[in-house]
Structure formats: structure tokens, C-alpha cells
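Observations on the model geometry
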Amino acid sequence: MIVAVDGPAASGKGTIARALAAHYGLPHLDTGLLYRAVALTLKRAGGDPESEADAVAATDFPATLLTDPELRTEATGALASRVSAHGGVRAALKARQQAFAGQAGGAVLDGRDIGTVIVPDADAKLYVTASPQVRADRRAREMEQHGLAADREAMIAEIVARDARDMGRDNAPLMQAADADLLDTSDLTIAEAVQKAIALVDARV
Ligand code: C5P
């Protein structure tokens with residue numbers, strides 16, 4: 001059973017994907033971390049995001065990078081959004097994501113193009129969204145929990161800009177797959193959102 005969870009930044013898709021994985025006993029991959037790892041590696045190497053991102057994505061990065069706190073900052077997310085527009089970056093990370101999805105028993109993956117490009121034949125697809133205000137507030141709280149400072153007004157502007165870039169790019173833009181179920185979490189608690197997500201997945205499998 002493969003579950004694809006897509007949606008914009010801080011929509012709740014990560015939390016929902018983790019909860020679905022726990023509920024169904026499946027492994028989970030937050031694919032945004034892969035794009036963030038490319039962005040952070042590039043930044044630390046002083047590389048040019050436009051001309052050197054493809055080469056960085058093609059090389060392996062240390063597993064310890066995936067737990068680095070700087071991976072979670074909005075600045076890294078914004079840089080990830082820039083590098084992820086490159087076809088070479090997307091192609092390099094595609095095989096890794098498809099291998100994860102293809103493991104015996106299935107998997108839950110969350111990202112921007114899981115249901116549209118990575119596993120278009122997934123058994124269940126959710127498109128998770130929420131208003132920019134709600135998402136900025138969540139991201140700010142998440143950052144504060146990781147000990148990072150957060151300016152909510154600036155965060156709304158960054159989220160709106162990141163949405164525009166992710167939805168407007170030519171290569172695998174963020175969009176709801178035709179056969180995905182829409183889940184708006186703006187007015188839902190985490191428990192309510194997870195309950196709805198499970199009901200939607202159960203109805204598909
Ligand atoms: O979800 P997260 O905020 O960690 O993703 C960071 C950026 O990586 C996104 O803004 C998006 O541009 C890119 N991304 C992507 N495809 C995915 C996951 C993330 O393009 N499957």
C-alpha cells in the first residue's frame with residue numbers, strides 16, 4: 001500500500017504523513033528533507049544555486065545531515081524551493097524516492113509531486129492544505145520548538161512566495177492530482193486532521 005501526501009509548506013502534510021505511517025505500520029519519507037539537504041550542502045560549499053545544484057543532488061550526502069537543525073529553517077526551505085525547480089535536481093532525487101516507495105509492504109511519502117510524478121499509481125493520495133496565516137503560525141511555532149527565532153509577518157510573506165514558486169515552476173509544479181482527496185486543515189486540530197486522513201485513505205484501499 002502506497003500513500004502519497006502532497007501539499008504546500010506547513011499545511012500539516014508532514015504530521016499527517018507520519019501519523020498515517022504509524023497507523024498503517026508503514027515506513028515514511030519526508031521528501032522535502034532531500035531537497036533541503038541539497039540546498040544546505042550547496043550553501044555550506046558556497047556553491048551557486050542555479051549552476052551547481054544538479055551536481056550536488058547527484059552526490060550522496062551524509063545521513064547526519066538529515067538531523068541537522070539548520071535543515072529546518074525557513075531560509076533552507078526557501079533555498080530548497082529554488083534548487084528544486086531544476087530538472088537535474090528532481091531527476092537525481094526521483095530514483096531515491098521511487099526506491100523508497102517500492103519497498104515491500106509499501107510506504108507513505110510526503111512532498112509536492114508524490115501523487116503527480118513520483119508514484120502516480122499510489123493507492124491513496126491526499127492533497128493537504130491550509131490558509132497561509134495558519135501555515136505561517138504553525139511553521140513559527142515549529143521553529144520556536146527547535147530553538148529558532150520566528151517573525152510571523154515575515155513568515156506569511158515567505159510562505160506565499162514559496163507557494164508561488166512551487167506552484168509556478170515548469171518542472172513538477174505543486175498541484176492536486178486529479179485523483180487526490182483534498183484535506184483542508186485550517187480549522188482542524190491535529191487529531192481531527194489525522195482522523196479525516198485515515199478515513200479518506202480507508203475509503204481508497
Ligand atoms: O516540504 P518542505 O518545506 O521541507 O520542502 C522544501 C522545498 O523543497 C519545497 O518548497 C519545494 O520547493 C521542494 N520540494 C519539492 N518536491 C518535494 C518536496 C519538496 O519540490 N517532493
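What counts as what
Residues numbered from 1 in each chain as written. Predicted model: local features only at pLDDT ≥ 70, side-chain atom pairs only at ≥ 80, totals over all residues. Helix = DSSP H or I, 4+ residues; strand = E, 2+ residues; numbered from the N terminus. Rg over C-alpha atoms; globule rule 2.2 N^0.38 Å. Buried ≥ 20, exposed ≤ 12 C-beta atoms within 10 Å, placed from the backbone. Pairing = 2+ DSSP bridges. Axes fitted to C-alpha atoms, helices over the stretch in contact; angles between N-to-C directions. Contact = placed C-beta atoms within 7 Å. UniProt positions renumbered as here; feature names shortened; annotations may be inferred. Parallel < 35°, antiparallel > 145°, perpendicular 65-115°, else oblique. Left-handed = near helix turned anticlockwise from the far one by under 90°. Nonpolar A, V, L, I, M, F, W, Y, C, P; charged D, E, K, R; others polar.

Looking at the overall build of the chain
Within the chain one finds 9 helices and 5 strands. In the chain, the succession of α and β elements from N to C terminus is β-α-β-α-α-α-α-β-α-β-α-α-β-α. The C-alpha radius of gyration of the chain comes to 16 Å, within 12% of the 17 Å expected for a compact globule of 205 residues. For the C-alpha atoms alone, the extent of the chain along its principal axes is close to 50 × 40 × 30 Å. Counting over 205 residues, the chain shows a buried share of 42%.

Points about the sheet that holds strand β3 (residues 107–111)
Hydrogen bonds between backbone atoms are what pair the strands of a sheet, whose relative direction is either parallel or antiparallel. In space, the 5 strands of this open sheet follow the order β2-β3-β1-β4-β5, with parallel pairing throughout. Two strands lie at the open edges of the sheet, namely β2 (28–30) and β5 (181–184), each paired on one side alone. Direction aside, neighbouring strands of the sheet carry axes that sit 20° apart on average. The pairing of strand β4 (residues 124–129) with β5 spans 4 bridges and is parallel. Residue Val128 lies in a different strand from β5, and its bridge partner there is Leu183. Its contacts with the sheet place helix α5 (residues 87–101) against β1 (2–6), β2 and β3, and it is angled at close to 150° to β3.

Describing helix α4 (residues 74–83)
Of all 10 residues that make up α4, 7 are buried, and the element is covered over most of its length. Those residues of α4 lying buried are Glu74, Thr76, Gly77, Leu79, Ala80, Ser81 and Val83. The inward-facing, buried residues of α4 abut α2 (32–44), α3 (53–58), α5, α7 (132–145) and α8 (152–168).

Some remarks on the UniProt feature "binding site: ATP" (unreviewed entry) in the chain
UniProt marks Gly7, Pro8, Ala9, Ala10, Ser11, Gly12, Lys13, Gly14 and Thr15 with the feature "binding site: ATP" (unreviewed entry), using the numbering shown here. Secondary-structure assignment places Lys13 in helix α1 (residues 13–24). By the C-beta count within 10 Å, which is 28 here, Lys13 ends up buried. Mapped onto the elements, Thr15 comes out in helix α1. By the C-beta count within 10 Å, which is 20 here, Thr15 ends up buried.

Examining the UniProt feature "domain: Cytidylate kinase" (unreviewed entry) in the chain
Sequence positions flagged by UniProt for "domain: Cytidylate kinase" (unreviewed entry) are, in local numbering, residues 3–201. As annotated, residues 3–201 has a helix share of 52% and a strand share of 11%, and its two end C-alpha atoms lie 8 Å apart.

Examining the packing of α7 against α8
Interhelical geometry of α7 versus α8 gives an angle of 120° and a closest axis separation of 9 Å. By the angle between their directions, the pair α7 and α8 is classed as oblique. Read as a crossing pair, α7 and α8 show a hand that is right-handed. Residues Pro132, Gln133, Arg135, Ala136, Asp137, Arg139 and Ala140 of α7 form the contact with α8, whose participating residues are Arg152, Met155, Ile156, Ile159 and Val160. Tallied by class, residues from the contact of α7 with α8 come to 7 nonpolar, 1 polar and 4 charged.

What to know about the pairing of β1
The element β1 is extensively covered by neighbouring structure, given that 5 of its 5 residues are classed as buried. Both faces of β1 are covered, namely the face carrying Ile2, Ala4 and Asp6 and the face carrying Val3 and Val5. Here β1 runs beside β3; their pairing, made up of 5 bridges, is parallel. Within β3, the position partnered with Val3 by the bridge is Val108. Pairing of β1 with β4, which is carried by 4 bridges, proceeds in the parallel orientation. Bridging from a neighbouring strand, Val3 pairs with Ala124 of β4.

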